[in-house]
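One-letter residues, chain by chain:
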Amino acid sequence: MARRDQFHSIAHVGPVQIGTFRDPYGRSRHAAVCTAERCGWSSDYASRAAATLAARTHRCRIA
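Residues numbered from 1 in each chain as written. Predicted model: local features only at pLDDT ≥ 70, side-chain atom pairs only at ≥ 80, totals over all residues. Heavy atoms only, no water.

### As for unusual backbone geometry
Reasoning step 1: Even without being a glycine, Arg38 presents a positive backbone phi close to 65°.
Reasoning step 2: By the secondary structure assignment, Arg38 is in the loop between strand E3 (28-34) and strand E4 (42-45). (Helix = DSSP H or I, 4+ residues; strand = E, 2+ residues; numbered from the N terminus.)

Written as structure tokens, this is what we have:
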């Protein structure tokens, strides 16, 4: 049986990806993750607007 995709509704804001997922309690959560090499920044948010704001204001220390 194939495994379900964990993230859906993925969007890009610069080097940051925003994706929606379900937490273990069944609630929708939103993750913002920087895809720049060696950055390592990521965070989870309760709303898509908060994740988008974090993605827009994120500044990589590796640049």
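More follows now that the structure is in view.
### Section: helix H1 (residues 48-57)
Reasoning step 1: The set of residues buried in H1 consists of Ala51, Thr52, Ala54 and Ala55. Down the axis of H1, the buried set is contained in an arc of 160°. They therefore lie on one face. Turned more than 90 degrees from where H1 packs its buried face, Ala49, Leu53, Arg56 and Thr57 sit exposed.
Reasoning step 2: On its buried face, H1 sits against strand E1 (8-13), strand E2 (16-22), E3 and E4. (Buried < 20%, exposed > 50% of the residue type's maximum accessible area, 1.4 Å probe, protein only. Arc of directions from axis to C-beta. Contact = heavy atoms within 4.5 Å.)

### Thoughts on the side chain of Thr20
Reasoning step 1: One can find Thr20 in strand E2.
Reasoning step 2: Accessibility expressed as a relative area gives 7% for Thr20, which makes it buried.
Reasoning step 3: Of note is the side chain of Thr20, whose polar atom sits 3.1 Å from the side chain of His30.
Reasoning step 4: At a separation of 3.0 Å, a polar atom in the side chain of Thr20 contacts the side chain of Arg48.
Reasoning step 5: Setting aside its immediate chain neighbours within four residues, Thr20 contacts Gln6, Phe7, His8, Ser9, Ser28, Arg29, His30 and Arg48. (Polar contact = N/O pair within 3.5 Å; in protein donor to acceptor, adjacent residues only side chain to side chain.)

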